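Chains, contacts and geometry: an overview
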Amino acid sequence: MSLKRISKAGTETAAALIGTAFSATLLVLTAINSGPLWRDETATLNLAHMPSVRDVWHNLPFDSCPLLWLLLVRACGMLGLTNGDLAIRFLGLAIGLFFLTSLWLCQRWIGGRTPTLNIALLGGLPLFIFVVGANRPYGLASCLLVLSFGKIWRVLESSTTSRILSAYVICLLFAHCLYYDIIFLGAMLAAGTLVAIRRQQWKILWTMAGIGLLASASLLIYLPIIGGVPLYLPFWRSPVFNAATPWSGLRDALAARSSANPDGAIGPQIWIWIALLLVGTIVAVMTLRTRVRLTKSEIASESPNRKRSDLALFCVASMVLGIIGYLGFLLKVQFFMQPWHCVEVLIFCAICVDGILGASWPALRPWGLMRIGFLFVMMILNAGPAWAEAHARRSNLDVVAAFLGHNASVGDLIVLQDTWEGITFNRYYRGQAQWLTVPPIDSHEVHRIDLVIGKMSQPETMIPALRTIANTLASGQHVWLVGSIPIERSKDAPGPTPLPPPASEMPTGWWGGSYLYWWNQQVTTLLLDHAQQGKIETIAALGPVNHFEDVSVVQFTGYKPGTE
């Protein structure tokens, strides 16, 4: 190979390495600056470290993932690798760096040189920085998604025993990261089946079927858990979900703003993604049309045109089937769209587009130069929000817990406005004051949906807690209200202590958010009517805070009697 050719190949490699280094730097900063675990991460850690695996299994319905990530965290804990917040952050960093490595491996496996487009689309995306290193299964699922994609293509290229076995193992692990990962795995296997049918390679077809059957059969152990989903589904379902909700969720995921600034300006990234997906689809269709004009000898041989055409079919079919399948899943469950719900489908689309426009067109001019230019444009667009995300704390409840541990006395009462914030508070609070959540439940280790639903069926759920609040004020002690729900009286709240309507009369049905609103209206009404003074405490965190768990503290003192 000539030196000139080596230098051309090295140009795009150097650019991709710069992009990878930039992303790796963001992940390192995130691990250093994320600070405490927020409620979802804390619940995952508590679940993984329960006394026995049997306990983990019994509490699995209260989390949204299968066992793989929980067992990994548990194993790391047994080795002393997750004994503190910083240790858990470095576990997340290892997963993030492994993900970047998997992008390079996958691109090599599918015949490309560098994952330039993958790094451009994902490496500086604030959502990626927020999710991939968190103590949740999304990071590991993303790694195994990328590796499964590459492994399935390697089986299509050559169905050796080692390649088939490694594909079985990786795809099996991938299926046990998140319940809906079977959708993306099915899309990849269906696309691989199309390629095998096109080539008339029946052995590979049965291999694709075998991988799918094994992965599906292995998920049967979760049938008891999946069977209980209808009991809890109304609690999580969005009462305002419609066909446009997935689009809104995708827009927010690609808005290029940090988790500490959810109301920031929306960048052009979503339109860039859509344009690139359309270009990739068009190029794939054009590439497939060239296959029609190939000669029989070219079809039978391992010619570059045949490989390019088959890879284009594999990528575009995977992408289309994956998008359709996941969209169908979202329309079925109708959850509130959170940014992390979009991370895997974005990664899936990115590796498919890179397979079409990167691996299939590896030349430097003009395609490589265009990819390099696109990489630096995306790095510039995402640099500011990604840098802000890398310096955002995941919660300020650790600081709040420390403040209350120092300032709240034995007879005081701490009231958290949300049950789930109690999961984080329980981890960090070391004070002596009594505390409870809205609604008050007995367990704050994981998301005990069953206990909250039980409270929803009792119209006077908050009466004991309200009496405790009133007695604390009347005894001259302080009530500390912790949360992010505005302390104001609703115009719709009848009477001094409004009771939530029954589910049959609520337009939102059994959705938990509406009950949380009414319960907090009861607390707010009591405090506004009977507390003599309210004081907002100033508690400074060590940087910007993730808006999902950025709480304030209000101290209420004194008691004035009134009509009940």
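Let me sum up the structure you'll find in this document. (Residues numbered from 1 in each chain as written. Predicted model: local features only at pLDDT ≥ 70, side-chain atom pairs only at ≥ 80, totals over all residues. Heavy atoms only, no water.)

**Here we look at the overall build of the protein chain**
Helix and strand counts for the protein chain stand at 24 helices and five strands. Against the globule reference of 24 Å for 564 residues, the protein chain gives a C-alpha radius of gyration of 26 Å, in line with a compact fold. Put simply, of all contacts in the protein chain between residues at least 6 apart along the chain, 78% involve residues at least 24 apart. Carbon and sulfur atoms form 64% of the exposed surface of the protein chain, whose accessible area is close to 23600 Å². (Helix = DSSP H or I, 4+ residues; strand = E, 2+ residues; numbered from the N terminus. Rg over C-alpha atoms; globule rule 2.2 N^0.38 Å. Contact = heavy atoms within 4.5 Å. Areas by Shrake-Rupley, 256 points an atom, 1.4 Å probe, with all protein chains shown as cover.)

**What about the packing of aromatic side chains?**
Counting across every chain of the model gives 28 aromatic pairs. Aromatic ring contacts, followed pair by pair, group Tyr-180, Phe-184, Tyr-326, Phe-329 and Phe-348 into a single cluster. The cationic tip of Lys-151 hangs over the ring face of Trp-109; the distance from NZ or CZ to the ring centre is 4.6 Å. (Phe/Tyr/Trp six-rings, centres within 6.5 Å; stacked < 30°, edge-to-face > 60°. Lys NZ or Arg CZ within 6 Å of the ring centre and 35° of its normal.)

**Let's talk about the side chain of Gln-555**
Position of Gln-555 among the secondary structure elements: in strand 5 (residues 552-557). Its relative accessible area of 14% is what places Gln-555 among the buried residues. If we skip the residues at most four places from it in the chain, Gln-555 touches His-478, Val-479, Trp-480, Gln-533, Gly-534, Lys-535 and Glu-537. (Buried < 20%, exposed > 50% of the residue type's maximum accessible area, 1.4 Å probe, protein only.)

**Some remarks on the packing of helix 5 (residues 85-109) against helix 8 (residues 138-157)**
Helix 8 packs onto helix 5 with a crossing angle of 15° between their chain directions and a minimal axis gap of 9 Å. On the basis of their axis angle, the class for helix 5 and helix 8 is roughly parallel. Read as a crossing pair, helix 5 and helix 8 show a hand that is left-handed. Of the residues in helix 8, those in contact with Ile-95, Phe-98, Phe-99, Ser-102, Leu-103, Leu-105, Cys-106 and Trp-109 of helix 5 are Gly-139, Leu-140, Ser-142, Cys-143, Val-146, Leu-147, Phe-149, Gly-150, Lys-151, Trp-153, Arg-154 and Glu-157. Tallied by class, the residues present in the contact of helix 5 with helix 8 amount to 13 nonpolar, four polar and three charged. (Axes fitted to C-alpha atoms, helices over the stretch in contact; angles between N-to-C directions. Parallel < 35°, antiparallel > 145°, perpendicular 65-115°, else oblique. Left-handed = near helix turned anticlockwise from the far one by under 90°. Nonpolar A, V, L, I, M, F, W, Y, C, P; charged D, E, K, R; others polar.)

**Comments concerning helix 18 (residues 343-359)**
For helix 18, built from 17 residues, the straight-helix expectation of 24 Å at 1.5 Å per residue is met to within 8% by its first-to-last C-alpha distance of 23 Å. Most of helix 18 sits inside the fold, with 17 of its 17 residues counted as buried. (Expected span 1.5 Å × (residues − 1).)

**Points about empty space enclosed by the protein**
Summed over all chains, the structure comprises two cavities of 30 Å³ or more. Size it by volume and the largest cavity reaches roughly 80 Å³. Taken together, 13 residues line the largest cavity, and the ones lying closest to its centre are Leu-27, Thr-30, Ala-31, Gly-133 and Ala-134. Within the residue set of the lining of the largest cavity, elements represented by two or more residues are helix 1 (3-33), helix 5 and helix 7 (126-131). In terms of residue class, the lining of the largest cavity is made up of seven nonpolar, four polar and two charged. Considered as a void within the structure, the second largest cavity measures approximately 40 Å³ in volume. In this structure, the second largest cavity is lined by Gly-19, Phe-22, Ile-119, Ala-120, Gly-123, Gly-124, Leu-375, Met-378, Met-379 and Asn-382. The biggest single contributor to the lining of the second largest cavity is helix 19 (residues 364-390), with four residues. Its residues placed into classes, the lining of the second largest cavity shows six nonpolar, four polar and no charged. (1 Å grid on protein atoms, 1.4 Å probe; cavity = no way out; pocket = protein on both sides within 12 Å on 5 of 7 lines; lining within 4 Å. Points joined across faces, edges and corners; volume = space filled by probe spheres on them.)

**Structural notes on the sheet that holds strand 3 (residues 479-483)**
One open sheet holds the five strands; their spatial order is 2-1-3-5-4, and the pairing between them is mixed. Every other strand in the sheet has two partners, leaving strand 2 (434-437) and strand 4 (533-537) as the edge strands with one partner each. Each strand of the sheet is rotated relative to its neighbour by a mean of 20°, with strand direction disregarded. Pairing analysis gives four bridges linking strand 1 (residues 413-416) to strand 2, with the strands arranged parallel. Along strand 2, the bridge assignment pairs Ile-414 with Trp-435. (Pairing = 2+ DSSP bridges.)

**Description of a nonpolar patch on the surface**
Judged by side-chain polarity, Val-28, Ile-32, Leu-86 and Phe-90 come together as a nonpolar surface patch covering roughly 360 Å² of accessible area. Looking at the nonpolar patch, the elements with two or more residues in it are helix 1 and helix 5. Relative to the elements of secondary structure, Ile-32 occurs in helix 1. (Patch = residues over 30% accessible without salt bridge, like charges linked within 9 Å, V, L, I, M, F, W, Y side chains within 5 Å. Salt bridge = Lys/Arg side-chain N within 4 Å of Asp/Glu carboxyl O.)

**With respect to the pattern of salt bridges**
In the structure shown here, the tally under the stated rule is 15 salt bridges. Across the pair Glu-41 and Arg-89 runs a salt bridge whose closest N-O atoms are separated by 2.7 Å. Of this pair, Glu-41 sits in helix 2 (residues 39-48) while Arg-89 sits in helix 5; the two residues are 48 residues apart in sequence, bridging distant segments of the chain. With a relative accessible area of 0%, Glu-41 lands in the buried category. Put simply, Asp-450 and Arg-448 hold a salt bridge, and the shortest N to O gap is 2.8 Å. Among the residues examined, Arg-448 registers a relative accessible area of 17% and is labelled buried. If you follow the salt bridges from partner to partner, you end up with Arg-198, Arg-199, Arg-306 and Asp-310 in one network.

**Focus: the state of the cysteines**
Joining two cysteines, a disulfide is a covalent bond between their sulfur atoms. Taken as a whole and assessed by the stated rule, the structure comprises zero disulfides. Cys-177 supplies the cysteine sulfur nearest to Cys-171, a cysteine that is in no disulfide, at a spacing of 11 Å. Owing to a relative accessible area of 0%, Cys-171 belongs among the buried residues under this scheme. Between Cys-349, a cysteine without a disulfide, and Cys-352, which holds the nearest cysteine sulfur, the sulfur-to-sulfur distance is 6.6 Å. (Disulfide = S-S within 2.5 Å.)

**Considering unusual backbone geometry**
Cis geometry marks the peptide bond from Val-438 to Pro-439; its omega dihedral reads -5°. Tracing the chain through its elements places Pro-439 in the loop between strand 2 and helix 22 (449-456). Of note in this structure, Gln-200 is not a glycine but carries a positive phi near 60°. Note that Gln-200 resides in the loop between helix 10 (181-199) and helix 11 (202-218). Unlike most non-glycine residues, Gln-334 shows phi in positive territory, near 60°. With respect to the helices and strands, the residue Gln-334 is situated in the loop between helix 17 (304-333) and helix 18.

**A look at the pairing of strand 3**
Most of strand 3 is tucked away, with five of its five residues classed as buried. Side chains Val-479, Leu-481 and Gly-483 project from strand 3 onto one buried face, and the interleaved Trp-480 and Val-482 project onto a second face that is buried too. Relative to strand 3, strand 1 is paired through four bridges, and the arrangement is parallel. By the bridge assignment for strand 3, Leu-413 is matched with Val-479. Where strand 3 meets strand 5, five bridges bridge the pair, whose relative direction is antiparallel. Across the sheet, the residue bridging to Leu-481 is Val-554, located in strand 5.

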